[in-house]
Amino acid sequence: MQISINDADVFVSTGGRTPDKDAPVLLFLHGSGQTHLSWLLQARFFANRGWSVMAPDFPGHGLSSGVPLTTIEAMADWCHTLIKAAGHKKVTVIGHSQGGLVAMELARRHPEIVAGIGLIALALAIPVNPQLIGMAEDNEPAAFDAMVTWGHGHDGAFHDHPMPGNSHIFMGKRIMAGNPEGTLAVDLKACAAYADGEKAAASITQPAMVILAGDDSMTPCKQGQALAAAIPHAKLVKIEHAGHMLPVERGDDVNKALRRLFEQTGA
Amino acid sequence: MSKSFGFNTLGLHAGYTPDDRHGSRAVPIHQTTSYMFNDTEHAAALYNLEVGGHLYTRISNPTIGVLENRMAALEEGVAAVAVATGMSAVFLSILALTSQGDHIVASSQMYGGNINLLEHTMSRFGVTTSFVDPTDHDAIAAAIKPNTKMVFGEVIGNPGLDVMDVAAVAKVAHAAGVPVVIDATLNTPYLMKPLKHGANIVIHSLTKWIGGHGIAMGGVIVDGGNFDWGQNDRFPTLTQPHFAFQGVNLWEEFGPAAFAMRVRSEGMYNIGPTLSPTNAFHILQGIETLGMRMDRHMANTAELVAFLKDHDGVAWVNHPSLPDHSCHDVAMRQMPKGAGSIVTMGIKGGRMASQAFIESVELASHLANVGDARTLVIHPGSTTHSHISADAMKAAGLTDDLIRISVGLEDINDIKADFNRAIKIAQKKTSAKGS
Ligand SMILES: Cc1ncc(COP(=O)(O)O)c(C=O)c1O
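Here the structure is a predicted model, which is why all the values come from computation and not from measurement.

Considerations on the overall build of chain A
Phase 1: The number of helices and strands found in chain A is 12 helices and eight strands.
Phase 2: Its C-alpha atoms give chain A a radius of gyration of 17 Å, near enough to 18 Å, the size a compact globule of 267 residues would have.
Phase 3: Taking the intrachain contacts of chain A between residues at least 6 apart in sequence as the baseline, contacts between residues at least 24 apart amount to 75%.
Phase 4: Total accessible area computed for chain A in this model is approximately 9300 Å², and 53% of it derives from carbon and sulfur atoms.

Put into structure tokens, the structure is as follows:
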């Protein structure tokens, strides 16, 4: 699905289905340097089970035109515009990593539009290693390498993908390499600069779930637990033996958990 | 633990995690046609590409899946599909991109089967091919037409042994918005990974060096994920709604893996050249030692080339490692570990002498294969390439005295002794006849 926002063409994956106007809406937000393909195992899954799925590529990512937004706050406002443009009043928002920060900030700034919130592989803040930001600025392929190496757990490192024949590591690199040059650095800086995680977390009154990966070396599990504790009523789900790229590494487990959240939100 | 493994480690481990239930360390052979669904929802999800998993072995299988993941890892591709033979890998790749009225630019220096498929089979279905010299990049550029869907070639031409400069060919093809498809059978990912040089799809006959023991047929298609299929309107099979799966747009929903998904979702569903799980197991055994074997293949090749070069019964020897080979520089730059273990030569005395040589070897095997652990010899002009035209033979660099050698893993002194003996017998026979 293509939507025009602020004069830029935005691509929104609907999981291969024509959205049903009456179905509850799920908004999936990808992480730094990623695209809607982070939701390879969620978009089609939920779109075919009665939900209306929106998995956008943020501006300057994937199949969307425009330039990358530079702050988490701007991304949250952009999401609000996107939801309105698509004609929706309320959505359940699910964010992975950076997308999780955007989801929290969206809930803080526009609480009326958020029915529930799912945060995957996230902490209260993502204080990106300055070395990684430097790499993303000076030598993107090296930054992609570092991200996919640290971003995956056992299955990723051993190229053991739930979709037969696929490689997490090389798929991950290609997805990032497909974005315009410089995209990753803009994203990482936006993450590093975001300091309102505590406030945003505390403001969430909607049903919430935090899904963490046991072997996450980018947003360590411990910090994710602190996030869950900071959100009133948040459910915590921990998936062992998985890395930061949880939605692709453990699609089945993540979907099972999200389903419980969606039952709760009535979304 | 380092999470980024080297070639040999990946060859042993990639694609497989011992299962919880039995802990089998080696990859089990899942000799089954079908798989239990958890419930009707699970069945529907598998049929609609919503979840990972297996539903029917024509489409995918756990043992074959390990092989696919392992090949994707070794080639640094985003996804792989393994098939019954190298030929079916070539065919399914063409099927994934072309329709009636489309066009392919292909190297004139290829395995005879590849040339025949394009020239005689695909042409009957309205897909035409222009064959060009793979080292003439201007000719490749000039041959690309608005309906061209791929530039196809081999890194090391068989049996001419010209070496394609993959980066240069990719530059020309990409400038025209066309992907590069490489049959990398003769180099294996150990000697060169074409995707790293700009190729977009890599095909192997697994029957050869990768399986490596002459015991199992197999093929694989590896998707580099490094081609923008949406940049023009040339690739409707990937960018327009699929005929099945509720009209999925593969480029939008699977991105870099769109091509591999098309191969599986059409080639395996509607044609079905499925690899047997047992053959997948045998090929996996081969991959476990691919790096070690290739080192040995290359060491033996270097010694044999030097030996033949100095032999006074040998009219000529051809291998890209030789400084006077026309593609020597490209070969050394692309394949610093060695330019493959196919060597060609002619025996003094012409075609008769070459045939006599083949009939006189005792250790080397006279048969129609390459990449066995054992040393192989053949006269392509009367066998593997006998179905192609005289012009195509010339273009493929095939002279009528040409002997193709696939250097094996035996002790090199034994190979040398066998060849020395056979060369002498061949010369005796032909000079006796000549006098
Ligand atoms: C370069 C090349 N490509 C493809 C093939 C076909 O492979 P297969 O015999 O596995 O079908 C062969 C060998 O036969 C080959 O040498």
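Comments concerning the nonpolar core
Phase 1: Residues Leu27(A), Met104(A), Phe152(B) and Trp229(B) are the most contacted members of the largest nonpolar core, which totals 115 residues.
Phase 2: Shared between two domains, this core holds at least three residues of each, these being domain 1 (7-286) and domain 2 (292-434) of chain B.
Phase 3: If we ignore the near neighbours within four places in the chain, the residues touching Leu27(A) are Met54(A), Pro56(A), Cys79(A), Leu82(A), Ile83(A), Val91(A), Thr92(A), Val93(A), Ile94(A) and Leu106(A).

What about the side chain of His161(A)?
Phase 1: One can find His161(A) in the loop between helix H6 (154-157) and helix H7 (168-177).
Phase 2: A distance of 2.9 Å separates a polar side-chain atom of His161(A) from the backbone nitrogen of Met163(A).
Phase 3: Residue contacts for His161(A): discarding those within four places in its chain leaves Leu40(A), Asn166(A), Ser167(A), His168(A) and Asn69(B).

Describing the sheet that holds strand E11 (residues 376-378) of chain B
Residues and elements named next belong to chain B.
Phase 1: What the five strands build is an open sheet, ordered E8-E9-E12-E11-E10; its pairing is mixed. Each edge of the open sheet carries a strand with a single partner, namely strand E8 (314-318) and strand E10 (365-366).
Phase 2: Packed on one face of the sheet, helix H15 (residues 350-360) meets strand E9 (342-347), E10, E11 and strand E12 (403-406) and runs near 125° to E9.

Remarks on the sheet that holds strand E3 (residues 25-29) of chain A
Residues and elements named next belong to chain A.
Phase 1: Strand order in this open sheet of eight strands is E1-E2-E4-E3-E5-E6-E7-E8, and the pairing throughout is mixed. In this open sheet, the two strands that pair with only one neighbour each are strand E1 (2-5) and strand E8 (235-239). Neighbour to neighbour, the strand axes of the sheet diverge by 25° on average, direction disregarded.
Phase 2: Bridge count between E3 and strand E5 (residues 91-96): four bridges; the pairing is parallel. Among the inter-strand pairings, Leu27 is bridged to a residue of E5, identified as Val93.
Phase 3: Along the sheet, helix H10 (residues 221-230) makes contact with strand E6 (114-120), strand E7 (208-213) and E8, crossing E7 at roughly 175°.

Here's the deal with the interface of chain B and chain A
Phase 1: On the chain A side, the residues contacting the 43 residues of chain B number 39 residues.
Phase 2: For the pairing of chain B and chain A, the buried interface totals around 3300 Å² over both sides, and the portion due to carbon and sulfur atoms is 54%.
Phase 3: By the criterion of area lost to chain A, the three top residues of chain B are Lys3(B), Glu50(B) and Glu253(B), representing 21% of everything that side buries.
Phase 4: Taken together, chain B and chain A are joined by three salt bridges.
Phase 5: Across the salt bridge formed by Glu41(B) and Arg259(A), the nearest N and O atoms sit 3.2 Å from each other.
Phase 6: Where chain B meets chain A, there are 21 residue pairs in polar contact (both at pLDDT 80 or more).

Thoughts on the environment of Ala47(A)
Residue and element names in this part refer to chain A.
Phase 1: Mapped onto the elements, Ala47 comes out in helix H1 (residues 43-47).
Phase 2: The class for Ala47 is buried, based on a relative accessible area of 8%.
Phase 3: Sequence-distant contacts of Ala47, defined by excluding residues within four places in its chain, comprise Thr14, Gly15, Arg17 and Val53.

A look at the confidence of the model for chain B
Phase 1: Here chain B shows a mean pLDDT of 95. Residues at 70 or above account for 99%.
Phase 2: Confidence estimates for the predicted assembly give a pTM of 0.96 and an ipTM of 0.96.

A word on the pattern of salt bridges
Phase 1: The tally for this structure, following the rule as stated, stands at 26 salt bridges over all chains.
Phase 2: Between Arg109(A) and Asp77(A) there is a salt bridge; the shortest N-O distance is 3.0 Å. Here Arg109(A), found in helix H3 (residues 98-109), pairs with Asp77(A), found in helix H2 (residues 72-85); they are 32 residues apart in sequence, far enough to count as distant.
Phase 3: Here Asp77(A) falls in the partly exposed class, since its relative accessible area comes to 29%.
Phase 4: In this structure, Arg70(B) and Glu288(B) form a salt bridge, with 3.8 Å as the shortest nitrogen-oxygen distance. Of this pair, Arg70(B) sits in helix H3 (residues 62-75) while Glu288(B) sits in helix H12 (residues 277-288), and the two are 218 residues apart along the sequence.
Phase 5: A residue is classified by how much of its surface remains accessible, and Arg70(B), at 1% relative accessible area, is buried.
Phase 6: Residue classification places Glu288(B) among the partly exposed residues on the basis of a relative accessible area of 27%.

A closer look at the domain arrangement of chain B
By convention, interface size is frequently given as the accessible area that disappears when the constituent parts associate.
All names here are of chain B.
Phase 1: The domain architecture assigned to chain B consists of domain 1 (7-286) and domain 2 (292-434).
Phase 2: Computed from C-alpha atoms alone, the centre-to-centre distance between domain 1 and domain 2 is 30 Å.
Phase 3: With 37 residues of domain 1 at the contact, the number on the domain 2 side is 43 residues.
Phase 4: Of the roughly 3000 Å² buried where domain 1 meets domain 2, counting both sides, 58% is carbon and sulfur surface.
Phase 5: Three residues stand out in domain 1 for area buried against domain 2, namely Tyr190, Leu191 and Trp209, and they jointly supply 25% of the buried area on that side.
Phase 6: At the boundary of domain 1 and domain 2, one finds one salt bridge.
Phase 7: Between Asp165 and Arg333 there is a salt bridge; the shortest N-O distance is 3.3 Å.
Phase 8: Viewed at the interface, domain 2 and domain 1 are joined by 15 residue pairs in polar contact (both at pLDDT 80 or more).
Phase 9: Elements represented by at least two residues in the side of domain 1 that touches domain 2 include exactly helix H5 (112-121), helix H7 (166-175) and helix H8 (188-191).

The rules behind the values
- Throughout this description, residue numbers start from 1 for each chain and increase along the sequence as written.
- As a convention, the first chain written is A and the first ligand written is 1, with the rest following in written order.
- Where local features are concerned, this predicted model is filtered to residues with pLDDT of at least 70; where side-chain atom pairs are given and counted, the filter is 80 or more; whole-chain, interface and lining totals use all residues.
- Excluding hydrogens and water, the side-chain values take into account all heavy atoms of the structure.
- Helix and strand assignments follow DSSP, with helices taken as H or I runs no shorter than four residues and strands as E runs no shorter than two, numbered in order from the N terminus.
- When we talk radius of gyration, it's over C-alpha atoms, and the globule rule is simply 2.2 Å times the number of residues to the 0.38.
- In this analysis, two residues are considered to be in contact whenever any of their non-hydrogen atoms come within 4.5 Å of each other.
- Reported accessibility uses the Shrake-Rupley method at a 1.4 Å probe radius. Residues are deemed covered only where the shown protein chains occlude them.
- What makes a nonpolar core is a set of buried Ala, Val, Leu, Ile, Met, Phe, Trp, Tyr and Cys residues whose side-chain atoms join them at distances within 4.5 Å.
- Burial classification: accessible surface area is computed with a 1.4 Å probe over protein chains only, and a residue below 20% of its type maximum counts as buried, one above 50% as exposed, and the rest as partly exposed.
- Note that the domain bounds reflect an automated or database-derived domain assignment.
- By the criterion applied in these results, polar contacts are pairs of N or O atoms within 3.5 Å in which, for protein atoms, one can donate a hydrogen and the other can accept it, and in which residues neighboring in sequence qualify only through two side-chain atoms.
- Note: two strands are recorded as paired if DSSP finds a minimum of 2 bridges between them.
- Axes, fitted as lines to C-alpha atoms, cover a helix only where it is in contact. Angles between the N-to-C directions of the axes lie from 0 to 180 degrees.
- Summed over both partners, the accessible area lost on bringing two parts together, with a 1.4 Å probe, is the buried area.
- Each salt bridge in this description consists of a side-chain nitrogen of Lys or Arg and a carboxyl oxygen of Asp or Glu lying within 4 Å of one another.
- Scored between 0 and 100, pLDDT is the confidence that the predictor attaches to each residue.

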